[in-house]
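# Coordinate inspection notes
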Amino acid sequence: VLGVFGFVGLLTGHKEGVTGLTICNETNQLFSCSKDKSVKVWNLVDMCYVETLFGHQTEVTCMDMLQKDRIVTAGGLENIVRVWKIQDETQLIFNGTGGSIDTIQKIDSTHFVTGSDNGSVSIWGTLKKKPLCNVENSHGINSTNDQPNWVSAVGALANSDLVVSGSNNGTIKFWRCTNNYKSLLP
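Here the structure is a predicted model, which is why all the values come from computation and not from measurement. (Residues numbered from 1 in each chain as written. Predicted model: local features only at pLDDT ≥ 70, side-chain atom pairs only at ≥ 80, totals over all residues. Heavy atoms only, no water.)

This part is about the overall build of the protein chain. Helices and strands together make up the secondary structure of the protein chain, namely zero helices and 16 strands. Taking 186 residues into account, the globule formula puts the C-alpha radius of gyration at 16 Å, and the protein chain, at 17 Å, falls close to it. Buried residues in the protein chain amount to 45% of all 186 residues. Within the protein chain, counting contacts between residues at least 6 apart in sequence, those at least 24 apart form 36% of the total. Counting every atom, the protein chain has about 9,600 Å² of accessible surface; 52% of that belongs to carbon and sulfur. (Helix = DSSP H or I, 4+ residues; strand = E, 2+ residues; numbered from the N terminus. Rg over C-alpha atoms; globule rule 2.2 N^0.38 Å. Buried < 20%, exposed > 50% of the residue type's maximum accessible area, 1.4 Å probe, protein only. Contact = heavy atoms within 4.5 Å. Areas by Shrake-Rupley, 256 points an atom, 1.4 Å probe, with all protein chains shown as cover.)

Turning to the side chain of serine 32, a few remarks are in order. Mapped onto the elements of the fold, serine 32 is located in strand S2 (residues 29–34). Given a relative accessible area of 2%, serine 32 falls into the buried group. Of note is the side chain of serine 32, whose polar atom sits 2.7 Å from the side chain of histidine 14. Filtering out sequence-adjacent residues up to four positions away, serine 32 remains in contact with His14, Val18, Gly20, Leu21, Ser38, Val39, Lys40, Trp42 and Met63. (Polar contact = N/O pair within 3.5 Å; in protein donor to acceptor, adjacent residues only side chain to side chain.)

Another point: the environment of glycine 115. Structurally, glycine 115 is set in strand S10 (residues 111–116). Between the C-alpha atoms of glycine 115 and glutamate 26, which are 89 residues apart in sequence, the distance is 28 Å. Beyond its immediate stretch of four places on either side in the chain, glycine 115 contacts Ser100, Ile101, Asp102, Thr103, Ser120, Val151 and Val154.

A few words on unusual backbone geometry. The residue lysine 37 is not glycine, and still its phi comes out positive at about 75 degrees. Counting through the fold element by element, lysine 37 comes out in the loop between S2 and strand S3 (39–43). Unlike most non-glycine residues, glutamate 89 shows phi in positive territory, near 55 degrees. Within the secondary structure, glutamate 89 is located in the loop between strand S7 (80–85) and strand S8 (90–95). The exposure class of glutamate 89 is exposed, given its relative accessible area of 65%.

Turning to the pattern of salt bridges, a few remarks are in order. For the coordinates displayed, the defined rule picks out two salt bridges. Among the salt bridges present, the one from glutamate 78 reaches arginine 82, with a minimum N-O distance of 3.2 Å. Summarising the burial analysis for this pair, glutamate 78 and arginine 82 share the class buried. Its salt-bridge partner being aspartate 161, residue arginine 176 comes within 3.3 Å of it at the nearest N-O pair. Of this pair, arginine 176 sits in strand S15 (residues 172–178) while aspartate 161 sits in the loop between strand S13 (151–156) and strand S14 (162–167), and the two are 15 residues apart along the sequence. Accessibility expressed as a relative area gives 35% for aspartate 161, which makes it partly exposed. (Salt bridge = Lys/Arg side-chain N within 4 Å of Asp/Glu carboxyl O.)

Moving on, we come to the nonpolar core. Residues Ile107, Val113, Ile123, Val163, Cys177 and Leu184 are the most contacted members of the largest nonpolar core, which totals 13 residues. When residues of this core are traced back to their parent elements, those giving at least two are strand S11 (121–125), strand S12 (133–135), S13 and S15. Sequence-distant contacts of valine 163, defined by excluding residues within four places in its chain, comprise Ile107, Val113, Ile123, Gly155, Ala156, Lys173, Phe174, Trp175 and Cys177. If you look at the next biggest cluster of nonpolar residues, it comprises 12 residues, including Cys33, Met65, Trp84 and Ile86. (Core = buried A, V, L, I, M, F, W, Y, C linked by side-chain atoms within 4.5 Å.)

With the rule as written, the count across this model stands at four aromatic pairs. Consider the rings of tryptophan 42 and tyrosine 49, whose centres lie 5.8 Å apart with planes at 75 degrees: the pair is edge-to-face. With a relative accessible area of 4%, tryptophan 42 lands in the buried category. Judged by relative accessible area, tyrosine 49 falls into the partly exposed class, the value being 44%. With centroids separated by 6.1 Å and ring planes inclined at 85 degrees, the aromatic side chains of phenylalanine 94 and tryptophan 124 adopt a geometry described as edge-to-face. On the criterion of sequence distance, the pair formed by phenylalanine 94 in strand S8 and tryptophan 124 in strand S11 is long-range, its members being 30 residues apart. Side by side, phenylalanine 94 and tryptophan 124 carry an identical accessibility label, which is buried. Aromatic ring contacts, followed pair by pair, group Phe94, Phe112 and Trp124 into a single cluster. One Lys or Arg, lysine 129, reaches over the ring of phenylalanine 94 and ends 5.9 Å from the middle of that ring. (Phe/Tyr/Trp six-rings, centres within 6.5 Å; stacked < 30°, edge-to-face > 60°. Lys NZ or Arg CZ within 6 Å of the ring centre and 35° of its normal.)

As structure tokens, this is what we get:
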């Protein structure tokens, strides 16, 4: 173990590339997702493996921490989002609106935003299995192939009404959640 900014340790176990990481400060756990279709839980105090969470049928493209014992993962081409209840060892499955759900970000402990290759930005609540709000073609149509511009990144200012999305066309859009997360305004 080196100093504050030096090498601390190495965790191995995924069979393919790691696509997302999130840390829970309350439990000192690291969660990782991978192209190998799995989510792994790691103990940061002992720098060791804890368990593997299975369920996704395609690569897991992104993840975030909703609250102490819940993470949310995007299933890429599977077009599914999963909310994992770690202590209960259960998961909730949320069906997307088409395309590949490639990016995901927490808004607050019960809401999150996703971005898809079909151009959609969607707002979700943990109590409903379908998006509360879905903006299709959120970044317009690509003039060269007549397809929606892919939403390649999403972000949110935690516990606020501000959501951002980034696209393969090089633009970033700012959105305001309104109507109790049921609509997005540019």
